[in-house]
There are 2 protein chains.
Amino acid sequence: MTAVPPREVTRITCIGAGVIGGGWVAHFLARGYDVTAWDPAPQAPEKLRRLVDAAWPALTQLGLAEGAAKDRLTVAATLEEACAEAQFVQESAPEKLELKQQLLAQLDAATPRDVVIASSTSGYPMTDMQTQAAGPDRLLVGHPFNPPYLIPLVEVAGGDLTSERAVAWASEFYEVAGKSVITMNRELPGFIANRLQEALWREALHMVANGEATVKEIDDSITEGPGLRWAFMGPCLTFALAGGEGGMGHMLDHFGPSLKSPWTRLEAPELDSALRDAMVAGCEEAAAGRTIADLVAERDQGVIDVLRATGRLPGAKAERKAGS
Amino acid sequence: MTAVPPREVTRITCIGAGVIGGGWVAHFLARGYDVTAWDPAPQAPEKLRRLVDAAWPALTQLGLAEGAAKDRLTVAATLEEACAEAQFVQESAPEKLELKQQLLAQLDAATPRDVVIASSTSGYPMTDMQTQAAGPDRLLVGHPFNPPYLIPLVEVAGGDLTSERAVAWASEFYEVAGKSVITMNRELPGFIANRLQEALWREALHMVANGEATVKEIDDSITEGPGLRWAFMGPCLTFALAGGEGGMGHMLDHFGPSLKSPWTRLEAPELDSALRDAMVAGCEEAAAGRTIADLVAERDQGVIDVLRATGRLPGAKAERKAGS
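What you see is a predicted model; the values in this text were computed from it and never measured.

Rules used in this analysis
Residues numbered from 1 in each chain as written. Chains lettered and ligands numbered in written order. Predicted model: local features only at pLDDT ≥ 70, side-chain atom pairs only at ≥ 80, totals over all residues. Heavy atoms only, no water. UniProt positions renumbered as here; feature names shortened; annotations may be inferred. Helix = DSSP H or I, 4+ residues; strand = E, 2+ residues; numbered from the N terminus. Buried < 20%, exposed > 50% of the residue type's maximum accessible area, 1.4 Å probe, protein only. Contact = heavy atoms within 4.5 Å. Salt bridge = Lys/Arg side-chain N within 4 Å of Asp/Glu carboxyl O. pLDDT = per-residue confidence, 0-100. Pairing = 2+ DSSP bridges. Axes fitted to C-alpha atoms, helices over the stretch in contact; angles between N-to-C directions. Expected span 1.5 Å × (residues − 1). Parallel < 35°, antiparallel > 145°, perpendicular 65-115°, else oblique. Left-handed = near helix turned anticlockwise from the far one by under 90°. Nonpolar A, V, L, I, M, F, W, Y, C, P; charged D, E, K, R; others polar.

To continue, consider the UniProt feature "domain: 3-hydroxyacyl-CoA dehydrogenase C-terminal" (unreviewed entry) in chain A. Per the UniProt entry, the sites bearing "domain: 3-hydroxyacyl-CoA dehydrogenase C-terminal" (unreviewed entry) are residues 190-258 of chain A in this numbering. Within residues 190-258 of chain A, the helical portion is 67% and the strand portion 0%, while the C-alpha atoms at the span's ends are 27 Å from each other.

And the structure:
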């Protein structure tokens, strides 16, 4: 690959200036890149600048990279102009398969050879989108979360025709650009985070459809409950702590039978010894040497920090409720 | 009911001194109550005091109520002694149905008339547990999250024989005692928060069982992604923001078809107009007058606050990774 190394990228092209595309523009500007954007909508330049203006105070709070400036944004008149000198392209067009197929073929034709082109799609595997491009090997998915300038996660996945080098390049680049990357070794529908939040969301929709809970009860049950832990400790490690000093192994041995309970509309997998062992080993890997006592202390401090940061210490409660 | 009003409670009895029971003891001590505990295990008193000692620095950070003190804990020698002067009883025994049925009957016999007795169970409906008690009307579920001294949520639900007055009393009492309460009008298996987190958890187990994701990827996908938002804004309002200025209505109209996608193993409900309208109306109720722009600003500030509180601003990232 002749593209510049991930650490030497200075110029990024963002295609599409909606909520996600504009969010990417704001993120890359804040991280000190020159950004060229293009969107076919007539009002796109003004809308994009408004979005960047609106995000800039937040990005300033987060800490701007050296030299970062809003005026390092150029809005190009054509797709070809936008891509001509790109060192990385992020595509965030509407979620329509045919549109994505054609657009990616156009981007491939307009972008210097070997420069990686990533799609923000949450819905389509790259294998289905890269069918019309002459150079499909440098096309991949870089799936962000909204807003891309605040939520660190990016899920990277190639399609059947994507090269491993392009996937490795993109994963390294996103890390350099301040994102948290999960590089997937297969095209899983919904990737990882969306599969998890979609399962929760579908159960929530069922509950509302059946009059079992209101929207507000559903939201409150998360923000006042497990959501406080998930901001800094994932569902697996969190559940490992329910096993006391025995961790995930004890938790599964003790609470495993509850997988048979009708606690959700999603059927649980068979908790055989292979799955049990995989969960235990996975938690040990994720704990990376931290003991259960370490993790408990970390969880407790994390919850306190999050409660304080979001104005929910006991003393702050009355004011916050009054103010919201 | 002749029990003292919720605001006048000064003495609480906690039955069971494991992780959950001990967590309740710590919470009630920190909120300034006299707490009497009982657990049949021989080492229970020492274990309980260690748990309270371990939690106390966290509780001090959260802010102790006036007069709160660890030495306001009494460990009783018998169940009868523990309950004789109780103004509220929280039962946190192991999750075994027969044990719970018998224990609740014993607690009912030992506790002054009309004093509410709440079970911490996450697994059993009160209707199934209250069968052996002479006075089942004051028995109900008060389901906490771990650790009860840090996570605010308590789900309150009565059984078929529970009085509405007991449910209302418990809901008010928990609020006075510093918890966030959801009062359920039916016995839904898993209540609300556990149904939601269990759907996510089951999808996670399927993914590990099928080699689709590792434990660490699952945990990272939440803590670096949607988990950051869920600490202060629930999944429904968060998704409403994906609809731009059109909110939940636009989001469902636009992304509704993705409910047909195989993004999780949980089948989605039919998105008919009744469900659509219920979601839109529910989000409007939850927004309580805040516009989409207000909510976006609140979400952005919340994410920044949570990132800062958990040491994940860009500048802090390197140190945190090195330290963990």
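Let us now look at the UniProt feature "binding site: NAD(+)" (unreviewed entry) in chain A. Residue and element names in this part refer to chain A. The positions that UniProt labels "binding site: NAD(+)" (unreviewed entry) are, in the present scheme, Gly16, Ala17, Gly18, Val19, Ile20 and Gly21. Inspection of the secondary structure puts Gly18 in the loop between β1 (11-15) and α1 (19-30). Residue Gly18 is classed as partly exposed on the basis of its relative accessible area of 26%. Once residues lying within four places of it in the same chain are set aside, the contact partners of Gly21 are Gly16 and Ser92.

What follows concerns the pattern of salt bridges. Residues and elements named next belong to chain A. Overall, the coordinates contain 34 salt bridges over all chains when judged by the stated rule. Notably, a salt bridge pairs Arg202 with Glu198, separated by 2.9 Å at the nearest N-O pair. Here Arg202 and its partner Glu198 are both found in helix α7 (residues 193-209), four residues apart, which amounts to about one turn of the helix. Judged by relative accessible area, which is 5%, Glu198 ranks as buried. Across the pair Asp253 and Arg276 runs a salt bridge, and its minimum N-O distance is 2.7 Å. With Asp253 in helix α11 (residues 247-255) and Arg276 in helix α12 (residues 273-287), this pair connects stretches of sequence that are 23 residues apart.

What follows covers the confidence of the model for chain A. In the predicted model, chain A carries a mean pLDDT of 91, and the fraction of residues at 70 or more is 96%. Considering only residues more than four positions removed or in separate chains, one finds that residues 316-324 of chain A, a stretch of pLDDT under 50, has ten contacts.

Another aspect to go through is the sheet that holds strand β8 (residues 180-183) of chain A. Residue and element names in this part refer to chain A. Read from one edge of the open sheet, eight strands run β3-β2-β1-β4-β5-β6-β7-β8, paired in mixed fashion. In the strand order of this sheet, the two ends are held by β3 (73-75) and β8, each with one partner. Shown here is a sheet whose adjacent strand axes are inclined to one another by a mean of 25 degrees, direction ignored. Along the sheet, helix α6 (residues 164-176) contacts β1, β4 (89-91), β5 (117-119), β6 (139-144), β7 (153-158) and β8; its crossing angle with β7, the most-contacted strand, is approximately 170 degrees.

Cis geometry is adopted by the peptide bond preceding A:Pro147, which originates at A:Asn146 and carries an omega value of -5 degrees. Structurally, A:Pro147 is set in the loop between β6 and β7. Backbone geometry at B:Ala288 places phi at a positive 50 degrees, although glycine is not the residue there. Judged by relative accessible area, B:Ala288 falls into the exposed class, the value being 59%.

Given 3.6 residues per helical turn, the α-helix brings residues three or four places apart onto the same face. All names here are of chain A. Between its first and last C-alpha, α1 extends 16 Å over twelve residues, near the 16 Å set by a 1.5 Å rise per residue. Of all twelve residues that make up α1, ten are buried, and the element is covered over most of its length. Taken residue by residue, α1 has Gly21, Gly22, Gly23, Trp24, Val25, Ala26, His27, Phe28, Leu29 and Ala30 as its buried positions. Phi turns positive one or two residues past the end of α1, at Gly32, with a value near 90 degrees.

All names here are of chain A. Contact geometry for α1 and helix α2 (residues 44-62): axes closest at 9 Å, N-to-C directions at 50 degrees. For the element pair α1 / α2, the angle class is oblique. Crossing of α1 over α2 shows right-handed handedness. Each of Val19, Gly22, Gly23, Val25, Ala26, Leu29 and Ala30 in α1 lies in contact with α2, whose residues at this interface are Leu48, Leu51, Val52, Ala55, Trp56 and Leu59. When grouped by side-chain class, the residues that make up the contact of α1 with α2 number eleven nonpolar, two polar and no charged.

What follows covers the side chain of A:His206. The topology assignment puts A:His206 in helix α7. Of the residues examined, A:His206 reaches a relative accessible area of 13% and is grouped as buried. Apart from the residues lying within four places of it in its own chain, the contact partners of A:His206 are A:Glu212, A:Arg265, B:Leu266, B:Glu267, B:Ala268 and B:Pro269.

The subject of this paragraph is the packing of α7(A) against helix α7 (residues 193-209) of chain B. Look at α7(A) against α7(B): their axes get within 8 Å of each other, and the N-to-C directions meet at 140 degrees. On the basis of their axis angle, the class for α7(A) and α7(B) is oblique. Remark: the crossing between α7(A) and α7(B) carries right-handed chirality. Touching A:Arg195, A:Leu196, A:Ala199, A:Leu200, A:Glu203, A:Ala204 and A:Met207 of α7(A) are B:Arg195, B:Leu196, B:Ala199, B:Leu200, B:Glu203, B:Ala204 and B:Met207, all from α7(B).

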